[in-house]
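Chain by chain, the residues:
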Amino acid sequence: MTRKDPLAVAIDVVDPQARFVERPGSAWIMSGVLSPLPERWAQNAGDTGEAEAALAREIGDITLIRVDFDWDTPRTVRVWKGLTSAYDVFIARRADGALVLADHFRNALAHLAPSERTPGEDAIIDHLLFRHVPGRNTYARAVTRPAHGTCLTIDLETDTRTETRFDRGVSSSEIRSQEEWTAGIDQAMRKVTGELERIPGIVTMLSGGIDSSLIQTYFGDRVPALTVASEGDFAHFGGTRAHHVAELLHTKIRTLKVSGADFLSHLEEAIDSRGLPPHFPQWVTLTKAFSGPDAAYVIGERAGCLFTRVGGRVPTIAKHFVGPLGRAAIPLVDFASLFLKKRGFQLLPAQVRSMQNDPLDPRGWPSLVTTNTLLSFVDRKFGRERVDARLASRLSYVAGNIDLLDRSADRYVRNLELAHWFTFHNDHVMLFRHLAHAYGKSLHAPFGTRPLMSSALAVPPTHRHEKDGIAKYLLKDLLSERLPGYGQTKTKDFVSVDLATLYRDGPLADVWERYAIPEFFTAEERGRVVEKMTQVTWNAIAYAIWRKRIADNPALTPHRQSIVREWRAGNDADERATAMAGRWHD
């Protein structure tokens, strides 16, 4: 087969809970469906795609692929990606002309030659700014993905691609009572956790914080918990609080200990397994968790994106400087920051200035507070115009998914609202899920489902993020009702990894002897990168390891549990995976 004959489709699936349904003329691959619905549902699904769109709207964290045939020849592929979905589909053309759709980024790259995995400059800028490549693009020029809340239709013969939106995050808020808001969150959580607890071998990743503890109250002693603790002082986790919560709920809990001495090997394993650089260093330790005996995991990720202010306490100070009087007081903020040693308050002047801009400005406060590298560095390197284009692209993507507040609304609330939707679209759950799938496990994030998102959208933005300076107050109140012994003012300790020590005296000290500093740094920049651990240094390390072990690896293979199903023009389906039995339902 050559590129002149592109009527071939290869579906590469790692998700152990993916559902496969094949009927005359059509085939479906569904990720995120937990009920026994798909087989019966597909029998009655029509050709318009409305059934798929309705299912994706209802669940949210779901992606559906449909292949339609003309006799034995595949003609059209459609992908529905839920508005809150972290089940991604990566799309590329293989050398033999086949269209490849993979649910894991490593597997998508494994179908391509190293020369086709090369990142474009936009991807490098995004990596330095956000520690990920958001939206429709990916780390590889030749690989794309559908946008949230859209249906992507691909004509195989012409490779024509049409994207139509079927879902948006529309606020349903009317000023009601706090009791009604918490009741809505409670109802949504009951619905989602009720489905999850039926999964065999499922555990909660319990940190002892508000989010995971609230989830555990719905499971009680029916679902065990897993927590992480540090050997030595290289990291700090909330394990003590997790055991306290488990004791209150009579939940069985297991503690996993991770060592700083193994950090580099864990980092390499995390990148090998995900096929992507990790956003944050503390996530590296999860490789050990997902390699354990459990079959499925529940995490509290995205709760903070829906129900808290982004940026911690600093925004509550910065909001007082919005407007003409605040602008006049900025020199005082500059002076005060010289005596405030905490990093957040040292960044206060920049946050105060950015709050003077409209939130929809690519350089407004939401962009600044959700960017992981100082803009000044990336500006110098790539030019302000190119960086502005990347900031504007992310802004456009997020604003297209959600109904944002009118410009006449309070600017501080508008800033918080947009910033937390930026964080919602940061691919955090997808990265966790990629790692779990690499070990043959499934992963679920209740706060990433449509029911929980709808419960958040029922709360006016003026009341959603904080109350009397208390962030996440709705979740705290609900947890206080369900677990009075928790203590509303008590939270887990901040989860952190001492990268500076690991880089100076630990396993990262010789990282540049094993990996080449990324080629896009100049000689002068390389010296600054190597000198000490900074945000840019961490980004450089993650990228360098990914480039060598994944992008440039000529021997890269899909994960061994991958299931590949192929259809070709005029031929019957070609099942290349021996593990298909019991997974593909005819």
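See the structure printed just above.
Because the structure is predicted, anything quoted here is derived from the model rather than measured.

K.L.:
If you had to explain the environment of Pro293 to someone new, which residues and values would you point to?
P.N.:
Within the secondary structure, Pro293 sits in the loop between α9 (286-290) and β14 (296-298). A relative accessible area of 73% means that Pro293 is categorised as exposed. Setting aside residues no more than four positions away along its own chain, Pro293 makes contact with Arg254 and Lys441.

K.L.:
I'd like a description of the layout of surface pockets, backed by residues and values.
P.N.:
Considering only enclosed or pocket space, the second largest pocket measures out at about 330 Å³ in volume. When contributions to the lining of the second largest pocket are tallied by element, the ones reaching two or more residues are α2 (50-59) and α5 (178-196). When residues in the lining of the second largest pocket are grouped by element, the largest group, four residues, is from α5. Of the residues assigned to the lining of the second largest pocket, the class counts are eleven nonpolar, four polar and five charged.

K.L.:
Tell me about the nonpolar core, and please be specific about residues and values.
P.N.:
It is characteristic of soluble globular proteins that their nonpolar side chains tend to be buried jointly. Counting 73 residues, the largest nonpolar core has Phe105, Val143, Phe263, Leu267, Trp512, Phe521 and Trp546 as the members making the most contacts within it. With ten residues, the single largest contributor to this core is helix α27 (residues 535-551). Formed by 47 residues, the second largest nonpolar core is a distinct cluster that contains Ala188, Met189, Phe307 and Leu452.

K.L.:
Explain empty space enclosed by the protein residue by residue, including any values.
P.N.:
For the coordinates displayed, the defined rule picks out five cavities of 30 Å³ or more. Reported here for the largest cavity is a volume of approximately 110 Å³. Val133, Tyr139, Leu276, Asp427 and Met430 are the residues nearest the centre of the largest cavity, which is lined by 15 residues in total. Across the lining of the largest cavity, the residue classes break down as eight nonpolar, four polar and three charged. Here the second largest cavity is characterised by a volume of approximately 90 Å³. Looking at the lining of the second largest cavity, the elements with two or more residues in it are β1 (8-13), β3 (26-31), β4 (63-70) and β7 (99-102). Considered class by class, the residues forming the lining of the second largest cavity number nine nonpolar, two polar and three charged.

K.L.:
Could you give me a rundown of the pairing of strand β11 (residues 225-231), with the residues and numbers involved?
P.N.:
Summarising burial for β11: five of the seven residues are buried, a large majority. Here strand β10 (residues 202-205) pairs with β11 via two bridges, running parallel. The residue bridging Thr204 from the neighbouring strand is Ala225, located in β11. Pairing analysis gives seven bridges linking β11 to strand β13 (residues 253-259), with the strands arranged parallel.

K.L.:
Please give an account of the sheet that holds β13 that cites residues and values.
P.N.:
Ordered in space as β13-β11-β10-β14-β15, the five strands form an open sheet in which the pairing is parallel. Lying at the two open borders of the sheet, with one neighbouring strand each, are β13 and β15 (442-444). Going across the sheet, the axis of each strand differs from the next one's by a mean of 30°, ignoring polarity.

Reading the values: rules and limits
- Residues numbered from 1 in each chain as written.
- Predicted model: local features only at pLDDT ≥ 70, side-chain atom pairs only at ≥ 80, totals over all residues.
- Heavy atoms only, no water.
- Helix = DSSP H or I, 4+ residues; strand = E, 2+ residues; numbered from the N terminus.
- Buried < 20%, exposed > 50% of the residue type's maximum accessible area, 1.4 Å probe, protein only.
- Contact = heavy atoms within 4.5 Å.
- 1 Å grid on protein atoms, 1.4 Å probe; cavity = no way out; pocket = protein on both sides within 12 Å on 5 of 7 lines; lining within 4 Å.
- Points joined across faces, edges and corners; volume = space filled by probe spheres on them.
- Nonpolar A, V, L, I, M, F, W, Y, C, P; charged D, E, K, R; others polar.
- Core = buried A, V, L, I, M, F, W, Y, C linked by side-chain atoms within 4.5 Å.
- Pairing = 2+ DSSP bridges.
- Axes fitted to C-alpha atoms, helices over the stretch in contact; angles between N-to-C directions.

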